[in-house]
Structure formats: structure tokens, C-alpha cells
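Secondary and tertiary structure notes
Listed below are the residues making up each chain.
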Amino acid sequence: MAALRLAARRVPMPLLGVRSFTSTALRQSAVEGINSVGVIGAGQMGLGIALVAARQANLPVTLIDTSQSSLDNALTFLDKLLAKDIAKSRLTESAAASIKSLITPTTSLASATASADFFIEAVPEIESLKLSIFRELGATAKPTAILATNTSSISITKIAAAAGPSAGPRVVATHFMNPVPVQPGVEIISALQTSPDTLAKALALTSAMGKTPSKSADTPGFIANRILMPYINEAVICLETGVGAREDIDSMMKNGTGVPMGPLQLADFIGLDTCLAIMGVLYRDTGDSKYRPSVLLQRMVDAGWVGKKCGKGFYEYK
Ligand SMILES: NC(=O)c1ccc[n+]([C@@H]2O[C@H](COP(=O)([O-])OP(=O)(O)OC[C@H]3O[C@@H](n4cnc5c(N)ncnc54)[C@H](O)[C@@H]3O)[C@@H](O)[C@H]2O)c1
């Protein structure tokens, strides 16, 4: 339950009104050699990662998404998050404006490859998509750039192989927890190819982003999802087989284990498509039937009811 207890923690945001934001020219990087970050994918994880890179590490971020509407939604959400912190006196208006000015949205990956020293990929959990992005990064990013993935379950070694032999040692996983601005945990996963320098830079940058990194081996699900996903999957099986109603399942786990939300609501927040993809990897890569995804989870995804991000999952969202 360590992962769940972690999820229950609420971390106070630092008072950034007193922090000085400097111009790009004067900026002192928190991590040697890392002066700018490229975040690929502006969904719920990518936006959060971009925000903490700008806010905590004070680094300029290029936020790349192939969908203009995803970028528009991300910027609207960013404004909302910053406004909330201004309203709670956790941020001054000028600090919020500085943070926002550090984030540059674009639909073109090519526009970031010449400048970014550290990429963090956060596109959907689709293996072929991630492999094609790392193939491109391996061929076009700066020869010193660190290439990190936020994958929840896909083999980092396979992703590093796609980047090619010269880029492979610079590939690593920085697996942030959701919601990124709130959760302090991040898993750092090394591929077989990852060099000690890449690992050190990933640990240093995530620490500068205000996170507490834990190292994990490149095994299916790593630490967090090896523990969390079977728990969520079992909750869906409980619903499917009539062991309990959704409210009873969530209420029991919430009030019985001290987590901030029950497993079905948490699945809605993560995205049922993401949960299904992770269970699929755990099942396929271990061959162990204890990881078989629940039929109901598959059917919810078939229906397009993938959780909070689409307005409907196990619960409805406006
Ligand atoms: N949701 C979670 O709780 C959670 C937690 C930890 C890790 N992750 C992992 O983070 C990654 C992203 O998850 P998410 O929940 O943010 O997904 P999401 O669906 O919210 O966002 C993905 C974004 O990627 C964009 N995209 C698709 N193809 C692209 C491309 N070729 N180039 C650039 N952008 C592209 C989409 O337009 C979308 O905006 C996944 O690998 C997921 O497993 C998710």
C-alpha cells in the first residue's frame, strides 16, 4: 500500500511569490548542462511536467503536441492552476506570469530538437507511437540531449533500442505520478543501455523539479504500477462480479486505508485506457494470469468511457 499512502499525501506548494524568476540569458540552471526542456504530449501528464519544470526548476519548456486543441486545453488548464495558486496566495501575479512565459507551446517537434537538453515524452501509452518518437529523437535531437519517457509500463530498453545505438545510453524513464504538480513521487527507470551520467542527470533534474525520485528496474509495471494496477483491476472485478456497488468499493478503500480516493475514482482520474494498456503490458510481459485485465475494464474502453478526461468513466464528470 506504499504507493497508495503516497497518493494520500498532500504536499504544500512552495511560496513562489518570493522566488526570483530570471531571464533566459541570466538563468542559472539547477542541473549542469540542462538549460531547456522539451515536453512531448500536452495531455494531463505533459502539462503537469511542463509546469513543474518551469515553476520549480525555473527552466524554459517547449511543450509539443500534434493536436492544437490539446495545446489550447493545456494552456487553459495552466491558467486555471496558476489562478488557483494566486487566489490562495501561494503565488504572486508576476511569478505566475513568469512561469507562463517560460512555457512555449508548439505543434512541431522539429522546432525543439535543436534547443532542448532534456526531453520528456508523455504521449499516450501506445508502444508503436513511443517507439516512432524515440526513433525521431535519436536521429534529430542534440547529441548530448537526454531522452526521457513518462511511460507507465512499456520497456525502457525497447524504447532505448528504438532511439538507436548512439542515443540509447541517453534514454531513461522519468515516470511522474498524477497529478504531477501535487504528487512528489517520480520513478527513475534505467534501460539496459542507460549510462550512469544519464541516470544522474535524471535524478538531478527531477529533484530540481521538486520531486522525490525512487529508482526502479526495467520490469513490467516498474514499482508503482506493479502494485497499483492489480489493485485497480481487482476493484473493477469486484464491481463486475457484484461484490459491491461502485460507491461501496470506493468508500471502503477510502475510509479503510486512508487514501484520498477509492480505486474506481482513481482509475477514472488516471484514464481507463491508460489502466487497460498497463494491465495489458503486465499480463503479456509476465505471462502471469494474475495480471489479466478485467473484461469490464476492456468494455469501458471499447465504449469510449475512459474516465474524467472524456466526462464519463465509472462516474460522470461535467
Ligand atoms: N494518466 C496518468 O495518471 C499517468 C500517470 C503516470 C504516467 N502516465 C503516462 O503518461 C503518458 C501520457 O499520459 P496522459 O494521461 O497525459 O495522456 P493524455 O491522453 O492525457 O495526453 C496525451 C497527449 O499526447 C498527445 N499526442 C499524441 N500523439 C502525439 C505525438 N505524436 N506527438 C506529440 N503529442 C502527441 C495527445 O494529443 C495528447 O494531448 C502515458 O504514457 C501514460 O501511461 C499517465
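As a starting point, this report considers the structure included with it. Every value quoted in this text rests on a predicted model; they were computed, and no experiment measured them.

Brief notes about the site of the ligand
Around the ligand, a shell composed of 27 residues is seen, among which Asp65, Glu125, Lys130, Ser152 and Asn178 lie nearest. One of the side-chain nitrogen or oxygen atoms of Asn150 is found 2.9 Å away from an oxygen atom of the ligand. Against a free-state accessible area of 840 Å², the protein chains account for coverage of 86% of the ligand. Mapped onto the shell around the ligand, the elements with two or more residues apiece are α2 (44–55), α6 (127–140) and β6 (171–176). With 3 residues, α6 is the largest single contributor of residues to the shell around the ligand.

Overview of the side chain of Ser294
Note that Ser294 resides in the loop between α12 (272–286) and α13 (295–303). Discounting residues that sit within four places of it in the chain, Ser294 has contacts with Asn233, Val236, Ile237 and Glu240.

Considerations on α13
The opening residue of α13 is Ser294, an N-cap whose side-chain oxygen sits 3.2 Å from the backbone nitrogen of Leu296. Looking one or two residues past α13, Gly304 carries a phi angle of roughly 85°, positive in sign.

Here's the deal with the packing of aromatic side chains
Summed over all chains, the structure comprises 1 aromatic pair. Between Phe269 and Tyr317 the ring centres are 6.1 Å apart and the planes differ by 85°, which places this aromatic pair in the edge-to-face class. Here the residue Phe269 occupies a position in helix α11 (residues 263–270), and Tyr317 occupies one in the segment after α13, the gap between them amounting to 48 residues.

Regarding helix α9 (residues 224–240)
Spacing of three or four residues puts side chains on the same side of an α-helix, whose turn is 3.6 residues. Between its terminal C-alpha atoms α9 stretches 24 Å, which fits the 24 Å expected from 17 residues at 1.5 Å a residue. Taken residue by residue, α9 has Ala224, Asn225, Leu228, Met229, Pro230, Tyr231, Ile232, Asn233, Ala235 and Val236 as its buried positions. One or two positions beyond α9, positive phi appears at Gly242, with a value near 75°.

Notes on the nonpolar core
In this structure, Ile49, Val61, Leu63, Phe118, Phe176, Leu205 and Met209 are the most contacted members of the largest nonpolar core, which totals 41 residues. The greatest single-element share of this core, amounting to 8 residues, is contributed by α2. Excluding its chain neighbours within four sequence positions, the residues that come into contact with Val61 are Val37, Val39, Ala50, Ala53, Ala54, Leu102, Ile103 and Thr104.

Concerning the sheet that holds strand β8 (residues 212–216)
Pairing within the open sheet is mixed, and its 8 strands lie in the order β3-β2-β1-β4-β5-β6-β7-β8. The outermost strands of the open sheet, each flanked by one partner alone, are β3 (103–106) and β8. Looking at each pair of strands side by side, their axes are set apart by 25° on average, direction ignored. As defined by bridge partners, strand β5 (residues 146–149) adjoins β6 across 3 bridges and the pair is classed as parallel. Its bridge partner being in β6, Ala148 is matched across the sheet by Val172. Contacts from helix α3 (residues 68–87) reach β2 (61–64) and β3, with the element oriented near 160° to β3.

Description of the packing of helix α10 (residues 246–257) against α11
Between α10 and α11, the shortest axis-to-axis distance is 7 Å and the interhelical angle comes to 95°. The orientation of α10 relative to α11 falls into the category roughly perpendicular. Residue-level inspection shows Arg246, Ile249, Asp250 and Met253 of α10 in contact with α11, the latter providing Pro263, Leu264 and Gln265. Of the residues assigned to the contact of α10 with α11, the class counts are 4 nonpolar, 1 polar and 2 charged.

Cut-offs used in this document
- Residues numbered from 1 in each chain as written.
- Predicted model: local features only at pLDDT ≥ 70, side-chain atom pairs only at ≥ 80, totals over all residues.
- Heavy atoms only, no water.
- Near = heavy atom within 4 Å.
- Polar contact = N/O pair within 3.5 Å; in protein donor to acceptor, adjacent residues only side chain to side chain.
- Areas by Shrake-Rupley, 256 points an atom, 1.4 Å probe, with all protein chains shown as cover.
- Helix = DSSP H or I, 4+ residues; strand = E, 2+ residues; numbered from the N terminus.
- Contact = heavy atoms within 4.5 Å.
- Phe/Tyr/Trp six-rings, centres within 6.5 Å; stacked < 30°, edge-to-face > 60°.
- Expected span 1.5 Å × (residues − 1).
- Buried < 20%, exposed > 50% of the residue type's maximum accessible area, 1.4 Å probe, protein only.
- Core = buried A, V, L, I, M, F, W, Y, C linked by side-chain atoms within 4.5 Å.
- Pairing = 2+ DSSP bridges.
- Axes fitted to C-alpha atoms, helices over the stretch in contact; angles between N-to-C directions.
- Parallel < 35°, antiparallel > 145°, perpendicular 65-115°, else oblique.
- Nonpolar A, V, L, I, M, F, W, Y, C, P; charged D, E, K, R; others polar.

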